[in-house]
Amino acid sequence: MKKVLVTGALGQIGSELIVKLRNEYGVDNVIGTDIRSIPNSEVVTNGIFENLDVMDDKSLASLCKKYEIDTVIHLASLLSAVGEQKPQFAWKLNMGSLTNILEVCREFNYKLFTPSSIAAFGESSPKDLTPQDTIQRPSTMYGVTKVAGELLCDYYFKKFGVDTRGVRFPGLISYVTPPGGGTTDYAVDIYYEALKNKKYNSFIASGTKMDMMYMPDALSAIVDLIEADGSKLIHRNAFNITAMNFDPEEISNEIKKHIPEFEFGYNVDPVRQSIAESWPNSIDPTCAVEEWGFKFEYDLSKMTVDMLDKLAGKGIGDKNVSLCK
Ligand code: NAD
């Protein structure tokens, strides 16, 4: 990857990925794009940023040509919980944008990274250590678009030789940009509320386990897979990756180690709960480890220390919260 265009660059992943890519590849070699703009954000002010609606294929192609890119990282998407509120729009945006991106990559011979998700699995997939290749019949529109996207990327690789790559991300946790409406968002909200109000009611029910990953590990995985030797990739588009696995009780207990007065309870949202129940308890990342050396640094306890530290440093919460270290 020498020059990269990122779609959805102001979202939860993009806003941190852009900073990492600018540091590693040079400010002039990273083109951040999004349908919206956040005028004072680092993504917009500290490098190249362009407004782009990925549904507009002509503008997409002309921006790619203008900057003479060689790689696209496609992040613009509607996420799981929002997708269930607007299923027709989720299909239109997630599939329409991917089709446009794949076509531009085919025409100009660009490399493509686009993420899938644990949402690509469904109730009939094996629940524990869900294998890389298994039954995938998701029950959400978001999941339907993710499976279709995985297959479409495989098709473009086999049929047209487009160098498509991707991972199935678990829930991503970060202290920088709030998540965009996913089912695992409770695992971010809980840190903010622990610091601000010292209490939190989880919208995901007791005992519901899901895979998660801290954002620095997710960003490294993106770069590592894009830079991996393509001849060693058997799966290419939808590698299972994960760094930790917990239910709401386990994350709250970890927070209590640092904020002993933290009160934790439940206020379950039936829609997001039923989405969570249709997903795996845990996924098996063996193929990612074997084919491109996937690794991670943060487990639940290391992530919790960093999240609380970084959020407190941003001024989240009252100054009287004493973090036990
Ligand atoms: P997000 O919702 O935080 O950000 C999406 C961005 O896309 C937003 O900034 C939005 O303005 C932009 N966008 C929406 N419509 C657009 C359009 N028509 N043209 C251009 N930009 C548009 O999403 P995210 O969390 O950063 O996720 C990025 C990708 O990673 C998605 O494909 C998502 O499915 C996948 N993923 C994310 C997670 C997670 O926990 N965040 C987990 C699994 C997979």
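Keep in mind the model is a prediction, meaning the values are calculated, not measured.

A. Focus on the site of the ligand. Among the 26 residues in the neighbourhood of the ligand, the closest are listed as Q12, D34, R36, D53 and Y142. Between the ligand and Q12 there is a distance of 2.7 Å, counted from a nitrogen atom to a side-chain nitrogen or oxygen. The contact in question runs from a nitrogen atom of the ligand to an N or O atom on the side chain of D53, over 2.9 Å. In isolation the ligand exposes 840 Å². Once the protein is present, 91% of that is buried. Within the shell around the ligand, the residues separate by chemical class into 14 nonpolar, eight polar and four charged.

B. Region of the structure containing the packing of helix α5 (residues 87-108) against helix α6 (residues 141-160). Relative to each other, α5 and α6 sit at 15 degrees, their axes nearing to 10 Å. Looking at the two axes, α5 sits roughly parallel to α6. Regarding α5 and α6, the two cross each other, and that crossing is right-handed. Residues P87, A90, W91, N94, M95, L98, T99, L102, E103 and R106 of α5 form the contact with α6, whose participating residues are M141, Y142, V144, T145, A148, G149, L152, C153, Y156 and F160. Across the contact of α5 with α6, the residue classes tally to 14 nonpolar, four polar and two charged.

C. Spatial organisation of the sheet that holds strand β4 (residues 71-74). Spatial strand order, β3-β2-β1-β4-β5-β7: six strands in an open sheet with parallel pairing. Unpaired on one side and paired on the other, β3 (48-51) and β7 (164-165) mark the two borders of the sheet. For strand β2 (residues 30-34) and β3, the ladder comprises four bridges, and the chain directions are parallel. Looking across to β3, one finds that D34 is bridged to N51.

Thresholds applied
Residues numbered from 1 in each chain as written. Predicted model: local features only at pLDDT ≥ 70, side-chain atom pairs only at ≥ 80, totals over all residues. Heavy atoms only, no water. Near = heavy atom within 4 Å. Polar contact = N/O pair within 3.5 Å; in protein donor to acceptor, adjacent residues only side chain to side chain. Areas by Shrake-Rupley, 256 points an atom, 1.4 Å probe, with all protein chains shown as cover. Nonpolar A, V, L, I, M, F, W, Y, C, P; charged D, E, K, R; others polar. Axes fitted to C-alpha atoms, helices over the stretch in contact; angles between N-to-C directions. Helix = DSSP H or I, 4+ residues; strand = E, 2+ residues; numbered from the N terminus. Parallel < 35°, antiparallel > 145°, perpendicular 65-115°, else oblique. Left-handed = near helix turned anticlockwise from the far one by under 90°. Contact = heavy atoms within 4.5 Å. Pairing = 2+ DSSP bridges.

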